[in-house]
Amino acid sequence: MRNHPTNRPFSLCAQRRSPAAPEHHGRCLALVALALISLALPSAASARRTPWAKVDGPSAQTPAAIGGYAGGCLAGAEALPERGEGFETIRRWRKRYYGHPRLIAFLRWYGAEVLRETGKAVLVGDLSQARGGLMASGHRSHQLGLDADLWFTRPKQRKRDAHFKSCVDRERDTVDPRVFGERQLALLKIAAAHPDVARIFVHWAIKHHLCASVGADRGWLRKIRPWWGHDRHFHVRLRCPEDSPDCRDQAPLPPGDGCGTETWFSAAEVAARKAAARKSPPAKRPPRKRRPPPPKRCKQVLTARPRR
Ligand SMILES: [Zn+2]
């Protein structure tokens, strides 16, 4: 699938929707507008032209994440091996298994923890390209080597990608209890416990479910952010590492567990908003925002010698 190789055709999870983490219900209309702008995909032609997809290996540079999550690059990347203690990677042919060393260290830690706590390994999907940057298809973010897609599905359940089951019952806008259970909850909770993790994006119905079902120990829910898609996999984002002064973090998370503001993502509310907009259409659409280009330093990353 052109838009989201990780999830379509079996999910609406378009990571091009570049999780920018909506945080407040009060801002919801503005955020919907923003989200729609951020949905503006690069044209197929411009996506194919991205030079970042053609680079073969990491640069021979000191590791650094440079720029923003949806507009930057990665110097001195490290590759995640095909498998390790508690993790297995998929879709190696896409060569999106590179990350900042902090992400690779996190994934090694995470695999071991998941195995210890749940007795089963975790499936790891896309990280970043060898030098980060915009991908020719799929994600808008994943440009700094600090984002990773992790699957709710266990390795042994996987036959083909199309068999990955959604954790969300889309008819009812609720979590499907046959697919989302203790293990899936543990996967999220373990990731949220790591100090390097800034945010974890999940389908809004999953966040809603966690808000309703998690008991007294709720501090970790703060990092779980509702977004579209993300019903078969979840997206873990690390904060900028100290060795990367040119890395731009997102705004800090608002206080609290982020519960009670998720329904604006629901199909019913989206339909209601569309109906309201049809009744009183805005006079003129605002012009689409162009994303700023990646920082100048990224040019050096693109043309640097490859690491031997
Ligand atoms: Zn992702």
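Residues numbered from 1 in each chain as written. Predicted model: local features only at pLDDT ≥ 70, side-chain atom pairs only at ≥ 80, totals over all residues.

**Student:** Sorry, what's going on with the overall build of the protein here?
**Tutor:** A count of helical and extended segments in the protein gives 7 helices and 13 strands. Out of the 308 residues in the protein, the part that is buried amounts to 43%. Across the protein, every contact between residues at least 6 apart in sequence was considered, and the portion connecting residues at least 24 apart equals 76%. (Helix = DSSP H or I, 4+ residues; strand = E, 2+ residues; numbered from the N terminus. Buried ≥ 20, exposed ≤ 12 C-beta atoms within 10 Å, placed from the backbone. Contact = placed C-beta atoms within 7 Å.)

**Student:** Help me understand the nonpolar core, please; the structure alone is not making it clear to me.
**Tutor:** The nonpolar side chains of a soluble globular protein tend to be buried, and buried together. The biggest cluster of nonpolar side chains holds 63 residues, and the ones touching the most others in it are Leu-107 and Ile-200. For this core, the element with the highest residue contribution is helix H3 (residues 101-118), accounting for 6 residues. Filtering out sequence-adjacent residues up to four positions away, Leu-107 remains in contact with Leu-80, Phe-87, Val-124 and Ala-148. (Core = buried A, V, L, I, M, F, W, Y, C linked by C-beta atoms within 7 Å.)

**Student:** Any chance you could explain the sheet that holds strand E8 (residues 147-151) here in plain terms?
**Tutor:** Adjacent strands of a sheet pair through backbone hydrogen bonds, lying either parallel or antiparallel. The 7 strands are arranged E4-E5-E7-E8-E13-E11-E12 in an open sheet whose pairing can be described as mixed. Both outer strands of the open sheet, strand E4 (83-84) and strand E12 (224-227), are each paired with one neighbouring strand and no more. For strand E5 (residues 87-89) and strand E7 (residues 122-124), the ladder comprises 3 bridges, and the chain directions are parallel. What sits directly across from Glu-88, in E7, is Leu-123. Along the sheet, H3 makes contact with E4, E5, E7, E8 and strand E13 (233-238), crossing E7 at roughly 155 degrees. (Pairing = 2+ DSSP bridges. Axes fitted to C-alpha atoms, helices over the stretch in contact; angles between N-to-C directions.)

**Student:** Can you walk me through the packing of H3 against helix H4 (residues 182-193) in this structure?
**Tutor:** For any two helices packed against each other, the geometry is given by the interaxial angle and the distance between the axes. Two numbers describe how H3 lies on H4: the axes approach to 10 Å, and their chain directions differ by 140 degrees. Between H3 and H4, the angle is such that the two are oblique. Two packed elements cross with a definite hand, and for H3 against H4 that hand is right-handed. Seen from H3, the contacting residues are Tyr-110, Glu-113, Val-114, Glu-117 and Thr-118; seen from H4, they are Arg-183, Ala-186, Leu-187, Ile-190 and Ala-191. Split into classes, the residues belonging to the contact of H3 with H4 amount to 6 nonpolar, 1 polar and 3 charged. (Parallel < 35°, antiparallel > 145°, perpendicular 65-115°, else oblique. Left-handed = near helix turned anticlockwise from the far one by under 90°. Nonpolar A, V, L, I, M, F, W, Y, C, P; charged D, E, K, R; others polar.)

**Student:** So what exactly am I meant to see when it comes to the environment of Phe-106 here?
**Tutor:** Checked against the element boundaries, Phe-106 lands in helix H3. Between the C-alpha atom of Phe-106 and that of Leu-238, which follows or precedes it by 132 residues, the distance is 8.9 Å.

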